[in-house]
Amino acid sequence: MIRSTVARVDLAALQSNFRAIRAFVAEPTSSPRDVGRVPAPTHAASPPAHATAQPAVIAVVKANAYGHGDGRVAVALEQAGATMLACADIEEGIVLRRAGVTVPILVFGALSVSDLDGLFEFALTPTISTPSAARAVQAAAAARKTSVGYHLKVDTGMNRLGFRHDNLRWMLPDVLSSPNLRLDAIYTHFATADDPEHALFGEQRVRFEEAVRTVQALGIPKTLLRHTANSAALLRDSRVWYDFVRPGLLLFGIVPPPLASTLDLQPVMSLTSRVVAVKGLRPGESVGYGGRFRADAP
Ligand SMILES: *Cc1c(COP(=O)(O)O)cnc(C)c1O
């Protein structure tokens, strides 16, 4: 039987959203003009002192691309110019590779729940967020006589994954001296980016900048790439764009409430169906379980 209820995913809309986000972060004064209901930020919209010219976009396609179909969404984003994708675990990354993704794929999640072989066989980029993860990836890389680039996750106040921001001086030297691991980037994740009133957002930003200085002081010779901004953070504060932004929701056309944006986004998924019955009601009559809808007109 052919059902008349259909979810459609518009890959052209997805690609258009990707380009709109990329254009938005290419324009350093976008943020304040665009913040809609959020109280005007108190900062000047100048990019951070040592920012790169234009942040790149890490397109977040975890959890089956937010339910939109991971493989086809990922390939469409790569075609639109995405230079890095991100997913939750190694298994998701393997699905993306098998679908034909060739750009770097960052795995956000805890590695302990996954089979590390996939990192090497499918050239995925791990997040290192604990000393034991560093040891496990180091051992696996050494056994394969190879090296692997990773992103370091710093916990600046979410209190989920990541090295505590106030502990880096003690925790990191071992990780950084792992001979088969190469630190490519440092990142954190905001707990309250969608709450304009919450002070934690600003505190996390300050802690992150301190963490970057700490890591650099531990002797990281080359430039250390930085990223922090999910969709909400990207919309509200250009100071947290750094070298990459990490939108998920915005790609799919969703502005996280209560934020508003003038970004020209299109909905990517639409759900359509067929009306199966039309009935006439008198004022005061109700419909269905619990009678929750009540007609106030014929
Ligand atoms: C899910 C996720 C994102 C994207 O968040 P959105 O709110 O969908 O933009 C960014 N970074 C990390 C670490 C995530 O887990």
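Residues numbered from 1 in each chain as written. Predicted model: local features only at pLDDT ≥ 70, side-chain atom pairs only at ≥ 80, totals over all residues. Heavy atoms only, no water.

**Quick notes on the site of the ligand**
Threshold: We call a residue near a given molecule or strand whenever any one of its heavy atoms falls within 4 Å of it. For this analysis, a polar contact is any N or O atom pair within 3.5 Å, provided that within protein one partner can donate a hydrogen and the other can accept it, and provided that sequence-adjacent residues contribute only side-chain to side-chain pairs. Only protein atoms enter the 1 Å grid used here. Points where a 1.4 Å probe fits but cannot escape make up a cavity, open sets with protein on both sides within 12 Å along at least five of seven lines make up a pocket, and a residue lines them when an atom lies within 4 Å of a point. Should more than half of a molecule's atoms lie within 2 Å of a pocket's or cavity's grid points, that molecule is taken to sit in it. Think of it as three bins: nonpolar holds Ala, Val, Leu, Ile, Met, Phe, Trp, Tyr, Cys and Pro, charged holds Asp, Glu, Lys and Arg, and polar takes everything else, Gly as well.
What surrounds the ligand is the set Val60, Lys62, Tyr66, Phe108, His189, Asn230, Ser231, Arg246, Pro247, Gly248 and Leu249. The contact in question runs from an oxygen atom of the ligand to an N or O atom on the side chain of Lys62, over 2.7 Å. Between the ligand and the protein, one listed contact pairs a nitrogen atom with a side-chain N or O atom of Arg246 at 2.8 Å. The cavity where the ligand resides is the largest pocket. The residue inventory of the shell around the ligand, partitioned by class, reads five nonpolar, four polar and two charged.

**Brief notes about the layout of surface pockets**
For clarity, the threshold we go by: Grid points are joined across faces, edges and corners, and a volume is the space filled by probe spheres set on the points. Secondary structure elements follow DSSP: runs of H or I no shorter than four residues count as helices, runs of E no shorter than two count as strands, and numbering proceeds from the N terminus.
A volume near 510 Å³ is recorded for the largest pocket. Taken together, 29 residues form the lining of the largest pocket, with Lys62, Phe108, Arg160, His189 and Asn230 sitting closest to its centre. Listing elements by their share of the lining of the largest pocket, those giving two or more residues are α3 (62-67), β6 (148-155) and α10 (231-236). Among the elements that line the lining of the largest pocket, the one with the most residues is β6, at three residues. When its residues are assigned to classes, the lining of the largest pocket shows 15 nonpolar, eight polar and six charged.

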